[in-house]
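One-letter residues, chain by chain:
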Amino acid sequence: MNKLRNYVFLLICFNTLLLEAQHYKNQFSTDIIQAKDLVEVIDWSRFHNMSKTSPQQLMMGEILLNTNKYALSSWWEKRGFSNTPLDNYLNLKGVSEHYIRPVAAEAEALAASLKMGLYNSSVTGVSKEIAQAKTIQLIKSLVHTHLSNSTEGWGRKWQSALWAGYTSFASWIMWDKLDELTQLETLAMIYNECDWIIKDKDLPTIKTYQDLDGAFISPGDTGAEENAWDSLILSVACAMMPENPKFNEWMNKTIFLNINALACPSDLDINKKYNGKPLKEWLVGTNINDDGTIVNHHFIHPDYMTSPFEFNAVRFFELAKSPTPKALRRHLNLVYKAFTELHFKEGDSITGGIVKSPGGTIFKTKSDAIFYPLGTDWGEGRRMNFVSFCSTVSAFSNNKSIRKEASKWVLKYGQVVLDMQNRFDDKHTYLDKSEDSYPSREEWVADKALTAYLTETLKLLGKPKFTNKKFE
């Protein structure tokens, strides 16, 4: 009797598995199902019990933990997530930027904190088990509501490759904790957004500030940031699945977008090869000025000088223990020097207006303020983007003295962020929109804190490796 009962039980289980397999076969393409076996899980063991620390890493960890505390308390309540059981999908309430991007940013920030061994329940007030469950719930809800998995979902639109990049990174971080359906839905989202960027995006070409002849074709609004964020989903896919049949296609588009994001007019005369062909053969236009400044919102804008580097893919390839294309480290030094050495004279006319008082450099050695030569339309309370940028420079610049100098700015501006967070019990950063008017400003801080903490930690583990090979 027991044998018969066991046989029936096994038969039921087998049939259930067959039904699930058939369901996946109907819902997902063969490419996506096969891709699941090509995902390389991140080796997190090297981040645990690290013998090395640095003041920069410790500070970035403190800032990131503060964003975790806020995400799991006030933010969770404000988003209306508190009444949803942990095993249910969250109602994201919309498909545009401020419904998706901030949720994805918090998902990756929490995921990295948990997996890197930083997460501390005595700081956040939430157990590691609950924090992990909520992080997975965020990931599941994001990928499930992508249009590749849900009718009327988000995706395949302006900036969606960035949101998908954040989401796919969070999924990759937590990969071994995700159920099979969420893994497949993640891959469906990745394939969908990558194909859109490569083949179907509704633009005749990528966005550029000037064309190859120097004519302004997008006056006042460069494509530096947009090309960089479009590359994010591609670079995560490459790091995540190095043996995928689409790898070379994804990689070449990643290189193309990043080179063009940070191309300046003088690059048009350079014959030096980057990942298989001369630099100028990659270019369709330019997006930054020869002095390292970037024009966005119709004026030279310091916030947007950091933006293309916020989506830098080096950290993804470092996590995968793979060399990064050499092209992805271009112009770090140029833009850094535009912050620290380029002098703006009060009263001078420059792109977008007249230089304000007191003039001088954007970074001030005797102050933790940021000088906006023509003002800013977001608010002067922003620091985390400059922290993240300087962290990237300190880790990946090929100039030793610049790396050392950039590390000091990380601490200077990082302390401003900590002081701002310490004003509030729940450790959010901003008083109100007078300090930063961006609607998703708190989640924006979480993303930059994650990037800086990960970069500072990777820096302690060894020098990054770059490759100039051709991908074909």
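Residues numbered from 1 in each chain as written. Predicted model: local features only at pLDDT ≥ 70, side-chain atom pairs only at ≥ 80, totals over all residues. Heavy atoms only, no water.

Moving on: the overall build of the chain. On a plain count of helices and strands, the chain comes out with 18 helices and 8 strands. For the C-alpha atoms alone, the extent of the chain along its principal axes is close to 95 × 50 × 45 Å. Here the chain holds 472 residues, and 57% of them are scored as buried. Taking contacts inside the chain between residues at least 6 apart in sequence as the whole, the part at least 24 apart equals 72%. Here the chain has roughly 19,600 Å² of accessible surface; of this, 51% comes from carbon and sulfur atoms. Seen as two clouds, the 54 positive and the 55 negative side-chain charges of the chain have centres 6 Å apart. (Helix = DSSP H or I, 4+ residues; strand = E, 2+ residues; numbered from the N terminus. Buried < 20%, exposed > 50% of the residue type's maximum accessible area, 1.4 Å probe, protein only. Contact = heavy atoms within 4.5 Å. Areas by Shrake-Rupley, 256 points an atom, 1.4 Å probe, with all protein chains shown as cover. Lys, Arg positive; Asp, Glu negative; His and termini not counted. Charge placed at Lys NZ, Arg CZ, Asp CG, Glu CD.)

Between the first and last C-alpha of helix 8 (residues 180-200) there are 28 Å, a value that for 21 residues agrees with the 30 Å anticipated at 1.5 Å per step. The element helix 8 is extensively covered by neighbouring structure, given that 16 of its 21 residues are classed as buried. Here helix 8 starts with a cap whose side-chain oxygen sits 3.1 Å from the backbone nitrogen of leucine 181, and that cap is aspartate 179. (Expected span 1.5 Å × (residues − 1). Polar contact = N/O pair within 3.5 Å; in protein donor to acceptor, adjacent residues only side chain to side chain.)

What follows deals with the environment of isoleucine 197. Take isoleucine 197: it is sitting in helix 8. Exposure remark for isoleucine 197: the relative accessible area of 6% places this residue in the buried category. For the pair isoleucine 197 and isoleucine 217, spaced 20 residues apart in the sequence, the C-alpha separation amounts to 21 Å. Excluding anything up to four places from it in sequence, isoleucine 197 contacts Ala161, Asp230, Leu234, Lys253 and Leu257.

Two numbers describe a pair of aromatic rings. These are the distance of the centres and the angle of the planes. In the structure shown here, the tally under the stated rule is 22 aromatic pairs. Note on phenylalanine 339 and phenylalanine 386: the rings are 5.8 Å apart at their centroids and 90° apart in plane angle, and the pair reads as edge-to-face. Separated by 47 residues along the polypeptide, phenylalanine 339 in helix 15 (residues 332-340) and phenylalanine 386 in helix 16 (residues 384-396) bring together distant segments of the chain. When its relative accessible area of 0% is taken as the criterion, phenylalanine 386 is described as buried. Taken together, the ring pairs connect Phe309, Phe339, Phe363, Phe386, Phe389, Trp409 and Tyr413 into an aromatic cluster. A cation sits over an aromatic face here: lysine 277 above tryptophan 282, 4.3 Å from the ring centre. (Phe/Tyr/Trp six-rings, centres within 6.5 Å; stacked < 30°, edge-to-face > 60°. Lys NZ or Arg CZ within 6 Å of the ring centre and 35° of its normal.)

As enumerated under the stated definition, the model contains 16 salt bridges in all. Glutamate 180 serves as the salt-bridge partner of lysine 36, at 3.8 Å between the closest nitrogen and oxygen. Here the residue lysine 36 occupies a position in the loop between helix 2 (30-35) and helix 3 (55-78), and glutamate 180 occupies one in helix 8, the gap between them amounting to 144 residues. Salt bridges here are not isolated pairs; linked through shared partners, they connect Lys207, Asp221 and Glu226. (Salt bridge = Lys/Arg side-chain N within 4 Å of Asp/Glu carboxyl O.)

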